[in-house]
Amino acid sequence: MSTIQAPRSGNSRIALQYRRTSGSKGNFEMLAWLFMRLSGVVLVVLIFGHLFVNLMVGQGIHAIDFGFVAGKWADPFWQFWDLAMLWLAFLHGTNGVRTIINDYAEKTATRRALKTLLYAATVVVVILGTLVIFTFDPCPVLNGQLMDGSPSFCPAP
Amino acid sequence: MPTKPAGTLYRGREGMWSWVGHRITGVVIFFFLLVHVLDTSLVRVSPEVYTSVIGAYKNPLMAIGETGLVAAILFHAFNGLRVIAIDFWKKGAKYQRQMLWAVLIIWVVVFGAFAIRHLSLALGGH
Ligand code: HEM
Ligand code: HEM
């Protein structure tokens, strides 16, 4: 007979005095949930392509050396590919690990410490990876000399 | 006097184990990726350093490690697509079990092909 009560979660539907959270989080969790799915679909393409080109084609792993990376990053296509893969994989993976920390770390202090460590590691590695892609030099010179091991196509400095 | 919880639709069944697998593979890939960006960044130290560190990776133990990593990625990727289908496809929840079997079959085929190619390249002389 009685009508079913409206769920007590989802701030927008609930009268102010019954809200459990400040509401300052907005719909962050829903956007994070959606992002996991959208980035997942794109990552399948990016990662499968990366593994196929680096491990399955030609000599496979034997071909990987400095010259191999120079060959790929000479092409903006692969620079952009790797950049997208770096950012998406880290946002996706960091959000996933955040969920896991929230699930298992029961003490507030532990949770905070682990998440701070997680975010710090992510920021450092994503910035490093981005700089590496854009500052890459296929023919690095040190003290007026081409560095040892530079690819054979490099002109004398 | 029940001594343990009665069975549920979820607990201890396919849905739970695929979730456990998804979680573990996700964390494994995350830690690999942290190290992977660090080793790739050696291209900014010098060509010699990068090539020699990558060269040190080229041994049978690492070949097996790479094969295991790809096994984890393939499971996480195919099962991730299944999770997406469960959430967005009208009949997704109804067919989640069948989709898990599809994931496992596709995983066996793709992983088998990958492992044969990668291990014969990495372990065979060239
Ligand atoms: C064992 C398998 C793998 C090998 C041999 C490998 C090899 C390489 C190589 C040689 C590069 C240099 C640039 C290029 O080739 O595009 C690179 C970069 C990169 N790889 Fe992989 N990779 C592997 C697996 C993965 C996986 C599974 C992911 C993602 C989860 C990934 C993500 C990346 C990213 C984001 C970069 C760019 C790094 C940067 O910005 O400095 N790789 N990888
Ligand atoms: C290959 C393409 C990928 C697809 C299709 C995919 C898909 C997904 C999906 C749909 C979820 C959400 C699961 C849920 O809400 O229950 C998820 C969670 C997760 N993913 Fe991925 N993912 C991919 C790649 C990656 C990569 C490269 C990493 C690591 C850097 C990663 C790490 C994680 C983690 C740690 C979680 C959280 C697991 C949990 O909460 O139990 N995934 N993935």
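The residue numbers shown here count from 1 along each chain, following its written sequence. Starting at A for chains and at 1 for ligands, labels are handed out in the order in which the entities are written. Given that the model is predicted, a residue must reach a pLDDT of at least 70 before its local features are reported, and side-chain atom pairs must reach 80 or more before they are shown or counted; all residues, however, enter totals for whole chains, interfaces and linings. Hydrogens and waters are ignored; side-chain quantities use all the structure's heavy atoms.

- Under an unreviewed UniProt entry, the name given to chain B is Succinate dehydrogenase, cytochrome b556 subunit, and the source organism is Arthrobacter horti.
- UniProt positions are given in the numbering used here, feature names are shortened, and annotations may be inferred rather than shown by experiment. Taken verbatim from the UniProt record of chain B, the Sequence similarities (unreviewed entry) comment is "Belongs to the cytochrome b560 family."
- We quote the UniProt Cofactor (unreviewed entry) comment for chain B here in full: "heme".

- As annotated in an unreviewed UniProt entry, chain A carries the name Succinate dehydrogenase hydrophobic membrane anchor subunit and comes from Arthrobacter horti.

1. Concerning helix α2 (residues 66-73) of chain A
Because each turn of an α-helix spans 3.6 residues, side chains separated by three or four positions end up pointing in the same direction.
(1) Moving on: Three exposure classes are used, based on accessible area relative to the maximum for each residue type with a 1.4 Å probe and protein chains only: buried under 20%, partly exposed in between, and exposed over 50%. Only DSSP runs of H or I covering at least 4 residues are called helices, and only runs of E covering at least 2 are called strands; the numbering of each starts at the N terminus. Looking at α2(A), one finds that the buried residues are A:Phe66, A:Val69, A:Ala70, A:Lys72 and A:Trp73. All buried residues of α2(A) project into a common sector of 165 degrees when viewed along the axis, lining one side.
(2) Moving on: The contact rule is simple, with two residues in contact once any of their heavy atoms fall within 4.5 Å. Against α1 (28-56), α3 (76-104) and α4 (108-135) of chain A together with α1 (14-40) and α2 (47-57) of chain B lie the buried residues of α2(A).
(3) Moving on: A side-chain oxygen of the first residue of α2(A) lies 3.1 Å from the backbone nitrogen of A:Gly67; this N-cap is A:Asp65. It is the directions from the helix axis to the C-beta atoms that the arc portrays. Pairing of N or O atoms within 3.5 Å defines a polar contact, subject to two protein rules: one partner must be a possible hydrogen donor and the other a possible acceptor, and residues neighboring in sequence count only if both atoms are side-chain atoms.

2. Side note on the interface of chain A and chain B
(1) Moving on: Across the contact, 48 residues belong to chain A and 40 residues belong to chain B.
(2) Moving on: Joining two parts hides part of their accessible area as seen by a 1.4 Å probe, and the buried area is that hidden amount summed over both. Of the roughly 3,600 Å² buried between chain A and chain B, counting both surfaces, carbon and sulfur atoms make up 75%.
(3) Moving on: The largest contributions to the chain A side of the interface with chain B come from A:Met56, A:Ile61 and A:His62, which together make up 17% of the buried area.
(4) Moving on: Salt bridge criterion: a side-chain nitrogen from Lys or Arg within 4 Å of a carboxyl oxygen from Asp or Glu. Linking A:Arg37 and B:Asp87 is a salt bridge whose minimum nitrogen-to-oxygen distance equals 2.7 Å.
(5) Moving on: At the boundary of chain A with chain B, the tally comes to 11 residue pairs in polar contact (both at pLDDT 80 or more).
(6) Moving on: The nonpolar class holds Ala, Val, Leu, Ile, Met, Phe, Trp, Tyr, Cys and Pro. Asp, Glu, Lys and Arg form the charged class, and all remaining residues, Gly among them, are polar. Here the side of chain A that touches chain B is built from residues that sort into 29 nonpolar, 14 polar and five charged.

3. What about the UniProt feature "transmembrane region" (unreviewed entry) in chain A?
Residues and elements named next belong to chain A.
(1) Moving on: Within this numbering scheme, the UniProt entry marks residues 34-57, 77-97 and 117-136 as carrying the feature "transmembrane region" (unreviewed entry).
(2) Moving on: Taken as a whole, residues 34-57 contains 96% helix and 0% strand, while its terminal C-alpha atoms sit 34 Å from one another.
(3) Moving on: As a span, residues 77-97 carries 100% helix and 0% strand, and end to end its C-alpha atoms are 30 Å apart.

4. Here's the deal with the state of the cysteines
All names here are of chain A.
(1) Moving on: Any two cysteine sulfur atoms lying within 2.5 Å of each other are counted as a disulfide. For the structure on display, the rule yields one disulfide over all chains.
(2) Moving on: The disulfide bridge from Cys139 ends at Cys154, spanning 2.0 Å between sulfur atoms. Note on the Cys139 and Cys154 pair: the S-S dihedral is about -85 degrees, so by sign convention the disulfide is left-handed. Taken together, the residues Cys139 in the loop between α4 and β1 (141-142) and Cys154 in the segment after β2 (145-146) connect sequence positions 15 residues apart. Residues Cys139 and Cys154 agree in their burial class; the two are buried.

5. Let's talk about the site of ligand 2
(1) Moving on: Looking at ligand 2, there are 23 residues lining it, with A:Arg37, A:His92, B:His22, B:Arg23 and B:His76 nearest.
(2) Moving on: Those chains with residues close to ligand 2 are chains A and B.
(3) Moving on: Here B:Arg23 contributes a side-chain N or O atom positioned 2.7 Å from an oxygen atom of ligand 2.
(4) Moving on: If you list the elements that add at least two residues to the shell around ligand 2, you get α1 and α3 of chain A together with α1 and α3 (60-88) of chain B.
(5) Moving on: The residue inventory of the shell around ligand 2, partitioned by class, reads 12 nonpolar, nine polar and two charged. The cutoff for a nearby residue is simple: one of its non-hydrogen atoms must lie within 4 Å of the molecule or strand.

6. Focus on the side chain of A:Asn95
Residues and elements named next belong to chain A.
(1) Moving on: Its location among the elements puts Asn95 in helix α3.
(2) Moving on: Residue Asn95 is classed as buried on the basis of its relative accessible area, which comes to 12%.
(3) Moving on: If we ignore the near neighbours within four places in the chain, the residues touching Asn95 are Ala32, Met36 and Phe90.

7. Topic: the coordination of the iron atom of ligand 2
(1) Moving on: Sodium, potassium and calcium take a 3.2 Å donor cutoff, other metals 2.8 Å, and in both cases only N, O and S atoms count; water is not among them, so sites may look incomplete. Distances from the iron atom of ligand 2 to its protein donors, namely A:His92 (NE2) and B:His76 (NE2), fall within the range 2.0 to 2.1 Å.
(2) Moving on: By relative accessible area, B:His76 is classed as buried at 16%.

8. Things to note about the side chain of B:Thr40
(1) Moving on: Looking at the secondary structure, you find B:Thr40 in helix α1.
(2) Moving on: Within polar-contact distance, the side chain of B:Thr40 engages the side chain of B:Asp39 at 3.5 Å.

9. Quick notes on unusual backbone geometry
Residue and element names in this part refer to chain A.
(1) Moving on: A positive phi is found at Asn143, a non-glycine position, where the angle reads about 50 degrees.
(2) Moving on: As for its position among the elements, Asn143 is in the loop between β1 and β2.
(3) Moving on: On the basis of relative accessibility, which here comes to 75%, the residue Asn143 falls in the exposed class.

10. Structural notes on the packing of aromatic side chains
(1) Moving on: Here the aromatic set is Phe, Tyr and Trp, taking the six-membered ring for Trp, and pairing holds for ring centres within 6.5 Å; pairs whose planes are under 30 degrees apart are stacked, those over 60 apart are edge-to-face, and all others are tilted. Evaluated as defined, the whole model comprises 11 aromatic pairs over all chains.
(2) Moving on: With a centroid separation of 5.5 Å and an interplanar angle of 50 degrees, the aromatic rings of A:Trp33 and B:Phe88 are classed as tilted. On the criterion of chain membership, the pair formed by A:Trp33 in helix α1 and B:Phe88 in helix α3 is interchain, its members lying in two chains.
(3) Moving on: Residue A:Trp33 is classed as partly exposed on the basis of its relative accessible area, which comes to 36%.
(4) Moving on: Taking the centre distance of 5.1 Å and the plane angle of 85 degrees together, the rings of A:Phe77 and A:Trp78 count as edge-to-face.

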